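Summary of structural features
Read off the chains here:
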Amino acid sequence: MSRFFRAGNDDSSSESSSDEEELYSGEEGQEVDQEQSEEESDEFDQSDEESEEADDKDAGDQKQGAFRFLRDNVESDSEGEDEVRDKVKSAQDKRLDELETSIKQIENGLKNGDWTLISNEFDKLNRQVTKLPAGSKIPKPYIKVIAEVEEAVNEALAKAKVTPKKMNAIQAKALNAVKQKVKKTNKDYQAQITVYREDKDTYLWSSDEEEEEVPAPKAPKAVKFEDFAAAEEVADEGFATVGKGGRTLQYTPESIFKHLRGILETRGKKNTDRIDQIKVMEKLNEIANTPYQQIRVLLTLVSARFDLGSGTTNVMPLEHWKAAEKELSQLLTILANNNEYVVLENVEEWDDDEKPPTLQPGEKHIKVAGSIVSYVERLDDELHRSLQSIDPHTSEYIERLQDEGALYNVIFRGLLYYEALQKDETIEVPQDSVNRIIMRRLEHVYFKPAQVVKTFEENCWKAVGENVDSTTTPRAQAQEPAELVNVLCAYLYTHSEGILRARALLSQVYFLALHDDYYKARDMMLMSHLQETVTGFDIQSQILYNRTLVQVGLCAFRKGLIYDAQNTLQEICGSGRQKELLAQGVMMQRYSQVSPEQERLEKQRQLPFHMHINLELLECVYLTCSMLLEIPLLAQTGSSPDVRKRVISKTYRRMLEYHERQIFTGPPENTRDHVMQASKALAAGEWKKSISFIHSIKIWDLMPNSEEIKEMLSKQIQEEGLRTYLFTYAPFYDTLAVETLSDMFELDATKVAAIISKMISHEELAASLDQVTSNVIFRKGVELSRLQSLALALSDKASALIETNERTLEQRTQGTSNAFERQGGRGRGGHRGGARGGRGGPRGGGGNTQRQAGGTQFTGGALGAAVRG
Amino acid sequence: MEDILKALPADGASVMANVAPHLSRHLLFPLIQFEGDQAEEKGDSELAKKILSGKIKLLEDTNMTDYVATLYQDLHGVSEPPAEYTKKRQDVLTQLDKYEKETEQIANLLTQDEVVNGLRSDKVANLEFLKNQHGVTLEMVNALYDFGQFQFRCGQYGPAADMLYQFRVLSTDNDKVAAATWGKLASEILSTNWESAVDELKNVREGIDTRLFNNPRAQLDHRTMLIHWSLFPLFNFEGAREPILDMFFSASYINTIQTSCPWILRYLIAAVITGRTRARNSSVQQKQLKDIVRYVRQEAYEYADPITQFVNALYIAHDFDAAREALRLSEEVCRSDFFLAASTDAFVNAARHLICESYCKIFSRMNIRDLSAKLGLNPDDGEKWIVNLIRETRLDAKIDSQDGTVIMNHPPNNVYQQVIEKTKGGFFRTQVLNAAVSK
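Residues numbered from 1 in each chain as written. Chains lettered and ligands numbered in written order. Predicted model: local features only at pLDDT ≥ 70, side-chain atom pairs only at ≥ 80, totals over all residues.

Some remarks on the overall build of chain B
Scanning chain B for helices and strands turns up 25 helices and three strands. In chain B, buried positions account for 35% of the 439 residues. In chain B, the proportion of contacts linking residues at least 24 apart, taken out of those at least 6 apart, comes to 54%. (Helix = DSSP H or I, 4+ residues; strand = E, 2+ residues; numbered from the N terminus. Buried ≥ 20, exposed ≤ 12 C-beta atoms within 10 Å, placed from the backbone. Contact = placed C-beta atoms within 7 Å.)

With respect to the pairing of strand 7 (residues 775-778) of chain A
Residues and elements named next belong to chain A. As paired elements, strand 5 (residues 735-737) and strand 7 share three bridges and run antiparallel to each other. Bridge pairing links leucine 736 to valine 776 in strand 7. Examined bridge by bridge, strand 6 (residues 767-770) and strand 7 share four bridges and lie antiparallel to one another. Each residue of the ladder has a partner; that of aspartate 770, found in strand 7, is asparagine 775. Between strand 6 and strand 7, which pair antiparallel one after the other, the connecting turn spans four residues, and serine 774 there sits at a positive phi close to 45°. (Pairing = 2+ DSSP bridges.)

Observations regarding the sheet that holds strand 2 (residues 397-400) of chain B
Pairing within the open sheet is mixed, and its six strands lie in the order 5(A)-7(A)-6(A)-1(B)-3(B)-2(B). Looking at the sheet topology across the chains shown, the edges are occupied by strand 5 of chain A together with strand 2 of chain B. Taking each pair of neighbouring strands and ignoring which way they run, the sheet shows an average axis angle of 20°. Sheet topology places strand 6 of chain A next to strand 1 (residues 363-367) of chain B; two bridges connect them, and they run parallel. Residue pairing in the sheet places Leu769(A) in a bridge with Phe363(B) of strand 1 of chain B. On top of the sheet, helix 22 (residues 368-375) of chain B reaches strand 1 and strand 3 (405-408) of chain B; it is set at about 90° to strand 1 of chain B, its chief contact. (Axes fitted to C-alpha atoms, helices over the stretch in contact; angles between N-to-C directions.)

Things to note about the confidence of the model for chain A
Residues and elements named next belong to chain A. The predicted model of chain A averages 72 in pLDDT, with 68% of residues at 70 or higher. Scored below 50 in pLDDT, residues 1-87 makes 86 contacts in the model with residues more than four places away or belonging to other chains. Here residues 207-248 is modelled with pLDDT under 50, and outside its nearest four sequence neighbours on either side it reaches 30 contacts, counting other chains as well. (pLDDT = per-residue confidence, 0-100.)

Details of the pairing of strand 2 of chain B
Residues and elements named next belong to chain B. Two strands pair when backbone bridges link them, and strand 2 and strand 3 are joined in this way by four bridges, in the antiparallel orientation. From the neighbouring strand, alanine 397 faces strand 3, where its bridge partner is methionine 408. With antiparallel pairing between neighbouring strands as the criterion, strand 2 and strand 3 make up a hairpin whose turn holds four residues, including glycine 404 at a positive phi of roughly 70°.

Section: the nonpolar core
Residue and element names in this part refer to chain A. In terms of nonpolar packing, the biggest core is built from 231 residues, with Val509 and Val621 touching the most fellow members. Sorting elements by how many residues they give to this core places helix 32 (residues 615-638) first, with 13 residues. Among residues more than four places away in sequence, those in contact with valine 509 are Ala521, Met524, Met525, Thr548 and Val552. (Core = buried A, V, L, I, M, F, W, Y, C linked by C-beta atoms within 7 Å.)

What follows is the structure, given as C-alpha cells:
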C-alpha cells in the first residue's frame, strides 16, 4: 500500500505547505500545486535516497505487520515436524501445535528430571500463551501441563530436602527458577487448575469440544458482543451476565468500585484486553448513579482510553478519542454541577471499596484523586498526533480538524473548572496546573487568524451557557481575539516563569506579527532578549522561536520593510534547512547517518499541517528581499574588484551564480526561476521586465492584500533599479540629467533627486548635483589604480589586525582593563556606535545599509566603542 | 494634577502631558509657571486663570501655605485668604517648631568642628562615635530626614538640601539614603544650584545601577524619572551639558528613552544640534548626530514632532523643502517649550548650518535665491549668511554674483590621504596594547 504513497507524501511536503493558508482562507489554490516541481535537480537525488529509505522502512513495516505469522513459520520450520501441514493450517492452529510441542517437551523433561529443559520450555510456553488473542480461551493442555509441573516441582523439592546434593548445580538452579515461575503463573490460572485437579480425565475432553465451538479467531469477539447484548437484556434483572471463563459478572452500582479496582490492577499488564475493559467501564458508567461513582468511573475510563494510544507509534483510534472527549466534558459537567466533589492531583486514594467517602464535618469538599489538566493535555496531544499521521490532502484531515473545536471547548471548560477551584481558599490548586491549561488554550489560538479565533470563542461561550464567566478571560475581553491573546499572555507573564513564560511571549509575538502589528512584535521580541537564551531551550520551544522569527520577517515584508524582513529571515532561510527548523518536514541528512531513534523523535516533532507556514511563500519573500538588497550592492562593488566583498545572502548569491552558469535559460517555471530572471533584468536596468517577472509569481495571491504588496514591490524595484543603474553606468557618464532619469524610471523628479542625494551623502556615489541645470555631475578621477586600491586594502587589513588584537586582549582581561579608555571615537567609524547593545538585536540598522558583524552588537558600552573606533 | 494638564492647550506639539507624570510637584511648578506666563503674554486671560487655579491645586498638598494663599487671593480677587489656609499655616508652623526641636541637638553637633573632624568614612563607626560621645540616637538621625522632607515641602529648598546631606552622611538605611539623594537632587535643581545638582545626578545614577540591579522594571522607572529631572540642568547649565549628554547616549539610558519616553528625543536633538558650535571636539558631536539620526529613524513609528521631523527630512529623506518647513515649525515649538525657549535662536541657527552643510555636500552649484529660501531667509540676508558661513568654516566655495550662484569645489578624496588616515592611530594603539599586555 504504502510505498508509492509514502514517497509521494514526502516529496510533496513543500507543495503541501503551500496549501496551508487555504485551510483557513477557504480559497482554493490548486494552481499552486504546479509550482511544486521547482525542486532543484540536486534535491532529486535526495528524494531518491528518501524513497530508498522509505522502501527499507516499508519492508520493516510489513515485517511487523506479518510479524507473528512469519515468526511462527520460522519457528515451526526449525522444529521440522509439521513442515507439511503448515501450509494448510490457520494461525491459531499453528500456535496450538507449537504449544503442544512445548508441552510434549516439558513432559519429556518431567520424565527425565531434566529441569533445564523444563525451565526453557516453560518460558516458551508462557510466552506463547500470552501471545494468544486476549479473548480466546486458555488451552486446556496448557492448564494440565502447568498443574503437572507444579506437582513435579513440589515433589522434586521434597526429594531434594531428603537427599541433598543429589542434583548438580545447574539442575538445582533451573529447578529453583521453575519453582518461581510456576508460583507466579499458576496464581493466574488457579481456578482452572483446581477444576483440572478435580477431574483429571475428562478435563481434556471438554476442552476439545470448546475449541470446536471457537473455530476462527474472530469468533470470540462475536461471542463477546453477544454477551453484552445479553447483558443489556438482563440488565433489569440484577445485571447478571456471564463473563469469560464461565464466571458470573454482576454489574451493580455497589460493585462498581470492585470492578474498577480490578481494572486498575491489570492496567499496564501485557495480556489485558483494554478494549474489553473499556466496554465494561462504559457499562459501569451507565449504571453509576451517584456523582462519586460517576466521577470515579469516568476518571478510570478516560485514562483507559488514553492507554490505547500509548506507545510511541500508534495513534489513538478515532472513535475512542471522540468518546474520551465526550466523557471528559461529561466529567467536567458533573464537577461543575456538584460543587462538593473536586478532582485534585495531590490527594490520597480512597481505599475503601465498600462505602463511598462521605463529607467530613468541617470540610467542604470530597476530594478525588485525578488530574483534569493531564487529561486535557493528553487529549490535545492525541489529536495532535493523529493530525500528524493523517495525510493533509484528504478530506479525513479536514474532518479530524473539526474536532479541534470540541477540544477547545474542553480546554476552556477545564480552565473554568480550575478557576472555580482557585476561588475557594480551602483548596490548594497548584499554580502550575492553571498555567498549563492556559498555555494549551493559547497554543490553540496564537497561530490562527482573528476571525477563526472569534468563531472558536463564540462556540465555547455558547457551550458553557449564559451565566458563566471566567476570571482570567472575562467574557467581554475574550470576544476580541487580540485582547484574548493579550489577557492569556499577561496571565502567564505574571504567574509562570521560565520556559512557559518564554513560550507565552513567543506566541504573543507570533500573533501580533500575523496580524501586521510589526513594531510591537519586533519590540517585544527584542526586549525579551530571547535570542541570547533560546539555545538552551527544549527543541519544541526552539521551533516556536523559529516560527515566530519567520512570522515577524514576513510581517516586515508586508509592511514594505525590505531590509528588516531580509535581516530577520536570513537566519532561518539562509541555512537551507527551513523544513527542519520549522518542523514542517524531515530533512534527509546526506552525509551523516540518522539513527532510527532520532528519526522517530524528528517525526514526533512535526507540526500538523494546518499550523504550517507556507515554505514556498517564505522562500519567495526571502529571495525577493535578497534580490532588492543584493543587486544594487553587486552593482556597487562590481566595478572595483578589490573592494572587500560584502555578502548579504550567501544562499541567494549561490543561486544567482548557478543561474548565470546555465547556457540556456528557458522561461521561468517556478518561484526561484522567476526571482532569478527578475534579478538579471534588474541588474541590466530593465526594471519593467523585472517587475513583470516578480508580478507573475503566483504565490503572492496567498498573501492578504496581494495587490498592495505587488505595488509596494514595484516601487521598491523602481528605486533599486535606479540605484543599480547609477552604480553600473556612472563610470560612462560625465553628467546625467535628473529629468532623463526620472523619465527612465518613471519616478518623480524630486524622488530621483532625493535618492541621488542620499547616495551622495552616504558616499556611495562620487557625484554632485547641479541645482541650476539639475544635472548629476559625476566626478572624475575617483577610480583607483591597482596600486592605490591595494594600498587601501593593506591599510584596512592593518587596522583590522590591531582591532583583533585589542579585542583578544579585552576578552583575556574580561574587559576590566581600562587600557583602551580613550577620549571618544575617531570620527571615522562613528556610525558604528557602541551604544547599541542593551536593547539587543539588530534594530533597523543605520541609514546606509551598513551591516554589523554578528557578535559585535552586544559588546556595547564605552569600551566597545573605543576599541572599534 | 490632571486638571491643569487638561487646561493646557493640547495642540500636539507640547510634550507637557508626557513629561508631567515623571516630575515631582515642585519640579512641575516652574513648567506650569512658564505656561501661565505664555498665556498672559498672549493675552489669553481665560487660560491664564485656568492655569492659576491649576497651580493652586498643584500646590495645595504642599506646605507652601503662604504662597498658595496669595495665589488664591489673586485668583478670586479677595484680600483675605479663607480660614482653612490660616489654619493650615498654623499647623505647618507648629510642625516646623516640633521638627526644629527634634533636630536641634544633632544640628548643633554637626556645626561643631571637633565633631565633624571626628567623622570617618565608615558610617557605622560614625554613628557609634556620635552615640558614645554625644548621645545621638538613630531616631535623631531619622528626624533629620523627616525635617528635610518637611522643609522641601515648604519650598525651603536650600535648608532641605543641607538636612538631607547631613542625614545621608549619618544614616545606614539604604532605602532612605536613596530617597534622600533624590530629594537632594530636587532641592539643588530648585535652588538652581547646578553644579551640585550634577553631582547628585551622578549619585542617583550610581544608586540606580547598583541598588536596583535585580529589578529591571524599577530600574527602567527610575531611569525614566532621572532622565526627566536632568533636563533642568541640561538646558540651564553649560557645564552639565557634556556629562548629561554622555549619560543619555549610554546604552541603558538610550534604551530607556526608546522604550518608555521617546519624547525626550526632541530634547536630545535640540541639545546636540545647539551644542554644535560649543562642542569641544567635533568628532564626538558628529557621532552623536549620527546616533540621533538612527534613533529618530527607529522611533519614527511611535513618536514624531517637528524637531524629529526636521532630522528625518534632512538626514533620512534628504528632502530640503520638508526640512525647511519642519525647521519653521520647530522654531515655534521651541519657543513654547519650557526647556528649549532660551536656546531657540541658537537652535535655529545651528539647524541652518546643518542644512547648509548637507546641501553643500550634495550640490556643486546652487542658486543663492533657492538656498536662502531653504534656510528661511530673504536673498540678501541669505547671501550675507552664506558669505559668513564660507568665511567661518573655510568652505571651498565661491559666489558667482553675476549668475547669483554658489559654486562648490568638491576636492576628490585623495587616496593617499585615506591611507594615512587609516593608519594614523596604529602606532598609538599598538603602544597602548603593548602597555596593557605588559601590565
